[in-house]
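Residues per chain are reported as follows:
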Amino acid sequence: MRLIHCADLHLDSRMTSNLSKEKARERKKELLLTFERMVEYAATHHVEAILIAGDLFDTRNISATARHVFWNAIDIHREIQFFYLKGNHDTDHFLADREEIPENLKLFGTAWTSYPLGSRIVVSALEFSEENAAGAANTLILDPDKFNIVMLHGQQAEAGAKEKVRIIRLRELKNRGIDYLALGHIHSYQEGTLDARGVWCYPGCLEGRGFDECGEHGFVLLDVDESSGRCRRQFVPIAGRRLYTIQADVSGCEKASEIAERIDNAMNSQHPVQKDLIKIVLTGEVDVEDEIDVEYLRKRLEPDYYFVKLYDETTPRVDVSRFLLDTSLKGEFVRTVLSAEELSDEERAEVIRCGLRALAGEEILECV
């Protein structure tokens, strides 16, 4: 039997942190299209169940379009069982759309609930609450003769806690008869061994929404042999676009053309394509009198990609020997800043960079 494990779809996410209003609206729609593409994949590859391990939606206020896309997928594909566990972003709000919940949509509450699937598979899950979080593992009872899939949404303790997210302590779930622990909350693919019998897995999100979610995104395809209890799993990329953060060392560059060439070389090593979103970070040391025109470099790449942002994180390099004997206003300024004990080396270099550009009558693009 084939199953899909996905999580953190965040449908209806606003997508406004980096993008213009127009592109944010477009990306918002693309999240829905990727969800539909996953369901169509399930239909054409004879997948019998889709496990959604939390954060199906992004906020309480769900658009009519997002609600329609979700319910339409359930209604059209009655041959697929959908197992939906709420995450920390989810509410029951959208369920009010339906007088009756379709038979192929299985929901979970704050007590362990189990559903049989096929002849041997059992899917169990629990929604964390203030009351059950501490002792949830102790109340989990599974049949060791079944292939047991357990769904939870939270952050495993080894990863460290952040935000208001429930902690999943893997050690408490060991030796309880779990074959596959289907987790949600972490937005990148992660997996590991739970115990001698089972494994745990985060599938990551279907689409990267920001530059903290770079790389491939998709879902996990499970193929369970019900007779033997063996399970094969495969990560399936499905995101419509990919996000990249690319560092380019521009040390020693003096001209914009030299910097552009370094950027191109760094880009070529990552192989982004036109539909992708790119964040470029310039690093290294550049002469304090050389200005990096970030906007020009960004505009140069903008026609070739869906979205480009560029950050200058280079360190200004000051050749002190050039200014020690300089009797001009420039030399006096540099010597004064170098003697300012209250400034750090980085602050001195930045003040000198901005001051020299100002003395030269040039535009100061950025100064901290």
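Look up: the structure comes first, before these words.
Draft legend 1. Layout of the packing of aromatic side chains. Under the counting rule described, the total for this entry stands at nine aromatic pairs. Summarising the aromatic geometry, the rings of W200 and Y202 are spaced 6.1 Å apart at their centres and angled 75° between planes, so their arrangement reads as edge-to-face. Take Y202: its relative accessible area is 0%, and that puts it in the buried class. Among the aromatic residues, those joined into a cluster by ring pairs are F35, F57, F70 and W71. The aromatic ring of Y306 is capped on one face by K23, whose charged end is 4.5 Å from the ring centroid.

Draft legend 2. Spatial organisation of the sheet that holds strand β3 (residues 81–85). Ordered by their spatial adjacency, six strands build an open sheet running β4-β3-β2-β1-β13-β14, and the pairing between neighbours is mixed. Across the chains shown, the open sheet's two edge strands, defined by having one partner strand only, are β4 (105–107) and β14 (230–237). For this sheet the average axis-to-axis angle between neighbouring strands, irrespective of direction, equals 20°. With four bridges connecting them, strand β1 (residues 2–6) and strand β13 (residues 218–225) associate as antiparallel partners. Bridging from a neighbouring strand, H5 pairs with V220 of β13. Where helix α2 (residues 64–76) meets the sheet, its contacts fall on β2 (47–53), β3 and β4, and the angle it forms with β4 comes to roughly 115°.

Draft legend 3. Broad picture of empty space enclosed by the protein. Tallying each qualifying case throughout the model produces one cavity of 30 Å³ or more. The computed volume of the largest cavity comes to approximately 50 Å³. What lines the largest cavity is M15, S17, N18, L19, R209, F211, L243 and L277. For the lining of the largest cavity, the class distribution of residues is five nonpolar, two polar and one charged.

Draft legend 4. Highlighting the state of the cysteines. Applying the stated criterion across every chain, the model contains zero disulfides. Between C201, a cysteine without a disulfide, and C231, which holds the nearest cysteine sulfur, the sulfur-to-sulfur distance is 9.9 Å.

Draft legend 5. Focus on the sheet that holds strand β15 (residues 243–249). Read across the sheet, three strands follow the order β15-β16-β18 without closing on themselves; strand pairing throughout is parallel. In this open sheet, the two edge strands, each paired with only one partner strand, are β15 and β18 (307–312). Within the sheet, the average angular offset between the axes of one strand and its neighbour, ignoring direction, is 20°. Here strand β16 (residues 277–283) runs beside β18; their pairing, made up of six bridges, is parallel. Counted as the bridge partner of L282 is D312 from β18. With respect to the sheet, helix α5 (residues 294–301) is in contact with β16 and β18, its orientation differing from that of β18 by roughly 155°.

Quick notes on the rules
Each chain carries its own residue numbering, running from 1 in the direction its sequence is written. For a predicted model such as this one, the threshold for reporting local features is a pLDDT of at least 70, and the threshold for listing and counting side-chain atom pairs is 80 or more; totals across whole chains, interfaces and linings nevertheless cover every residue. As a convention, hydrogens and water are excluded, and side-chain values are obtained from all of the structure's heavy atoms. Aromatic rings from Phe, Tyr and Trp, with only the six-membered ring used for Trp, were paired whenever their centres fell within 6.5 Å, and each pair was classed as stacked if the ring planes differed by under 30 degrees, edge-to-face if by over 60, and tilted otherwise. Throughout, exposure labels follow a simple rule: accessible area from a 1.4 Å probe, protein chains only, divided by the maximum for the residue type, with under 20% read as buried, over 50% as exposed, and the rest as partly exposed. Comment: the charge-over-ring label is applied if NZ (Lys) or CZ (Arg) is within 6 Å of the ring centre and within 35 degrees of the ring normal. Here, strands pair whenever DSSP counts at least two bridges between them. Helix and strand definitions here come from DSSP, where helices need a minimum of 4 consecutive H or I residues and strands a minimum of 2 consecutive E residues; each element is numbered from the N-terminal end. An axis is simply a line fitted to the C-alpha atoms; with a helix, the fit covers only the stretch in contact. Between two such axes, the angle follows the N-to-C directions and lies from 0 to 180 degrees. It only takes one pair of heavy atoms within 4.5 Å for two residues to be counted as in contact. Using a grid of 1 Å spacing that covers the protein atoms alone, one calls a set of points a cavity when a 1.4 Å probe fits there but cannot get out, and a pocket when the set is open and has protein on both sides within 12 Å along at least five of seven lines; lining residues are those with an atom within 4 Å of a point. Grid points are joined across faces, edges and corners, and a volume is the space filled by probe spheres set on the points. Residues are sorted three ways: Asp, Glu, Lys and Arg are charged, Ala, Val, Leu, Ile, Met, Phe, Trp, Tyr, Cys and Pro are nonpolar, and all the rest, Gly among them, are polar. The disulfide definition used here is simple: a pair of cysteine sulfur atoms within 2.5 Å.

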